[in-house]
Amino acid sequence: MAPSVHPSSSPLFTSKADEKYANVKWDELGFALIPTDYMYVAKCKQGESFSTGEIVPYGDISISPCAGILNYGQGLFEGLKAYRTEDGRITLFRPDQNAIRMQTGADRLCMTPPSPEQFVEAVKQTVLANNKWVPPPGKGALYIRPLLIGTGAVLGVASAPEYTFLIYTSPVGNYHKASSGLNLKVDHNHRRAHFGGTGGVKSCTNYSPVVKSLIEAKSSGFSDVLFLDAATGKNIEEVSTCNIFILKGNIVSTPPTSGTILPGITRKSICELARDIGYEVQERDVSVDELLEAEEVFCTGTAVVIKAVETVTFHDKRVKYRTGEEAFSTKLHLILTNIQMGVVEDKKGWMMEIDHLVGTDSFPDET
């Protein structure tokens with residue numbers, strides 16, 4: 001399923017641009033690729049350190065047909081966002097955590113990662129280069145996609161001899177277009193991850209296998225798919241691209257990150273915020289039976305932020321949950337987004353401000 005791309009002739013683009021913003025109709029943003037001006041690229045040999053990266057015009061890259069990423073799927077990606085605050089600052093949400101997660105994934109896939117410091121600095125440079133594409137306050141965010149891929153040629157199964165660390169960006173709005181809650185289908189046929197596999201890291205290979213289930217679910221009117229554990233088929237694990245929580249009474253429960261579930265950064269933040277406001281948070285196995293008896297269910301992730309689940313369908317049983325203004329997930333969404341957008345003081349130290357904005361004349365000519 002190819003990503004959606006808006007060409008320059010798209011109605012999302014306006015006919016005029018000002019000095020501060022790119023020519024985008026910000027009120028119409030969805031979650032589809034709008035190419036920005038620049039990307040970041042750095043390379044290194046296996047076991048060596050990454051070179052100082054470069055900001056270059058966004059465009060296609062040249063790669064060997066024998067590259068490790070193409071033949072054996074040796075690649076990782078991350079996802080994070082930059083926000084524009086009401087007072088004009090541009091901030092990042094916990095980029096250090098993405099850097100650490102990429103290091104963990106690289107170790108699992110025998111890749112050479114950038115250092116956490118280089119990762120964060122590269123993200124900053126990429127956002128600075130594309131600062132006109134950061135939406136106005138409240139209109140969305142600049143989605144940032146770091147990639148670590150094996151680009152060196154390798155015929156036999158082995159680590160690639162060379163790696164590329166690349167970052168591109170796209171302004172985005174809501175991941176799910178519907179303003180109402182999600183309608184999830186529990187997939188009781190396919191499994192997303194197995195113990196000892198790569199479910200706990202952000203490997204590129206984790207995502208294409210879920211597309212079949214996702215297409216089937218969407219064709220039947222569902223928003224997304226919820227996968228069960230491979231060991232027993234009785235416990236919930238993840239939605240296709242996000243973590244899941246249930247609420248019953250004063251207890252918030254979410255499956256543990258014990259190797260088959262991605263340790264989401266939004267997930268981690270929500271666990272902390274829920275505890276701060278007096279809820280007990282349990283990271284443990286959550287059965288399908290518990291899911292069907294919950295009062296509320298919600299999903300978390302960089303793309304979805306926090307999204308309430310309106311219904312879950314398991315076989316022929318459909319359960320409806322509490323959503324709307326009184327929902328716990330609505331309260332959490334407001335707390336988190338107020339921190340991200342600079343509406344309230346960031347007492348957690350989660351937001352990283354990009355110190356200064358620079359003109360595009362500091363970057364290479366796009367032509």
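About the cut-offs
- Residues numbered from 1 in each chain as written.
- Predicted model: local features only at pLDDT ≥ 70, side-chain atom pairs only at ≥ 80, totals over all residues.
- Heavy atoms only, no water.
- 1 Å grid on protein atoms, 1.4 Å probe; cavity = no way out; pocket = protein on both sides within 12 Å on 5 of 7 lines; lining within 4 Å.
- Points joined across faces, edges and corners; volume = space filled by probe spheres on them.
- Helix = DSSP H or I, 4+ residues; strand = E, 2+ residues; numbered from the N terminus.
- Domains from an automatic or database assignment.
- Nonpolar A, V, L, I, M, F, W, Y, C, P; charged D, E, K, R; others polar.
- Salt bridge = Lys/Arg side-chain N within 4 Å of Asp/Glu carboxyl O.
- Buried < 20%, exposed > 50% of the residue type's maximum accessible area, 1.4 Å probe, protein only.
- Axes fitted to C-alpha atoms, helices over the stretch in contact; angles between N-to-C directions.
- Parallel < 35°, antiparallel > 145°, perpendicular 65-115°, else oblique.
- Contact = heavy atoms within 4.5 Å.
- Core = buried A, V, L, I, M, F, W, Y, C linked by side-chain atoms within 4.5 Å.
- Buried area = accessible area lost by both parts, 1.4 Å probe.
- Polar contact = N/O pair within 3.5 Å; in protein donor to acceptor, adjacent residues only side chain to side chain.

### Overview of empty space enclosed by the protein
Now for step 1: Under the defined criterion, the tally for this structure stands at 2 cavities of 30 Å³ or more.
Now for step 2: Taken as a whole, the largest cavity encloses approximately 100 Å³ of empty space.
Now for step 3: Lining the largest cavity, in full, are G79, L80, K81, Y83, F93, N98, I265, T266, G301, T302, V305 and Q340.
Now for step 4: Counting only elements with at least two residues in the lining of the largest cavity, the list comes to strand 4 (80–84) and helix 5 (265–276).
Now for step 5: Ranked by residue count, the leading element in the lining of the largest cavity is strand 4, at 3 residues.
Now for step 6: The residues that make up the lining of the largest cavity include at least three from each of domain 1 (33–172) and domain 2 (182–341).
Now for step 7: In this structure, the second largest cavity encloses a volume near 30 Å³.
Now for step 8: Lining the second largest cavity are L76, F77, E78, R101, M102, G105 and K202.
Now for step 9: Those elements that place two or more of their residues in the lining of the second largest cavity are strand 3 (75–77) and helix 2 (95–108).
Now for step 10: Among the residues making up the lining of the second largest cavity, the classes are represented as 3 nonpolar, 1 polar and 3 charged.

### Quick word on the pattern of salt bridges
Now for step 1: As enumerated under the stated definition, the model contains 15 salt bridges in all.
Now for step 2: Across the pair R284 and E290 runs a salt bridge, and its minimum N-O distance is 2.8 Å.
Now for step 3: A relative accessible area of 27% means that E290 is categorised as partly exposed.
Now for step 4: E296 is the salt-bridge partner of R322, the closest N and O atoms lying 2.9 Å from each other.

### A word on the packing of helix 5 against helix 7 (residues 328–340)
Now for step 1: In the contact formed by helix 5 and helix 7, the axes pass within 11 Å of each other and the chain directions differ by 110°. If you check the angle between helix 5 and helix 7, you find them roughly perpendicular. Every residue of helix 7 that contacts helix 5 at T266, I270, L273 and A274 is listed here: F328, L332, I335, L336 and I339.
Now for step 2: In the contact of helix 5 with helix 7, the residues fall into 8 nonpolar, 1 polar and no charged.

### Details of the nonpolar core
Now for step 1: Membership of the largest hydrophobic core comes to 39 residues, with the highest contact counts inside it found for V123, V127, I144, L148 and F165.
Now for step 2: Only strand 1 (38–45), strand 4, strand 5 (90–93), helix 2, helix 3 (116–129), strand 6 (141–150) and strand 7 (162–172) provide two or more residues apiece to this core.
Now for step 3: Residues within four places of V127 in sequence aside, it is in contact with A82, I90, L92, V134, L142, I144 and I354.
Now for step 4: Grouped together as the second largest cluster of nonpolar side chains are 23 residues, L226, L292, V309 and F314 included.

### Some thoughts on unusual backbone geometry
Now for step 1: Despite not being glycine, R94 has its phi angle at roughly 50°, a positive value.
Now for step 2: Within the element layout of this structure, R94 appears in the loop between strand 5 and helix 2.
Now for step 3: Given a relative accessible area of 8%, R94 falls into the buried group.
Now for step 4: The phi angle at H315 is positive, at roughly 55°, despite the residue not being glycine.
Now for step 5: Mapped onto the elements of the fold, H315 is located in the loop between strand 15 (305–314) and strand 16 (317–320).
Now for step 6: With a relative accessible area of 47%, H315 lands in the partly exposed category.

### Describing the domain arrangement of the chain
Now for step 1: Taken domain by domain, the chain consists of domain 1 (33–172) and domain 2 (182–341).
Now for step 2: Averaged C-alpha coordinates put domain 1 and domain 2 at centres separated by 26 Å.
Now for step 3: In this assembly, 26 residues from domain 1 lie in contact with 21 residues from domain 2.
Now for step 4: Here domain 1 meets domain 2 over a buried area of about 2,000 Å², counting both sides, of which 63% is carbon and sulfur.
Now for step 5: In terms of surface lost to domain 2, no three residues of domain 1 exceed F77, F93 and R101, which account for 33% of the buried area on that side.
Now for step 6: Counting across the domain 1 and domain 2 interface gives 11 residue pairs in polar contact (both at pLDDT 80 or more).
Now for step 7: Only strand 3, strand 4, strand 5 and helix 2 provide two or more residues apiece to the side of domain 1 that touches domain 2.
Now for step 8: With 6 residues, helix 2 is the largest single contributor of residues to the side of domain 1 that touches domain 2.
Now for step 9: By residue class, the composition of the side of domain 1 that touches domain 2 is 9 nonpolar, 10 polar and 7 charged.

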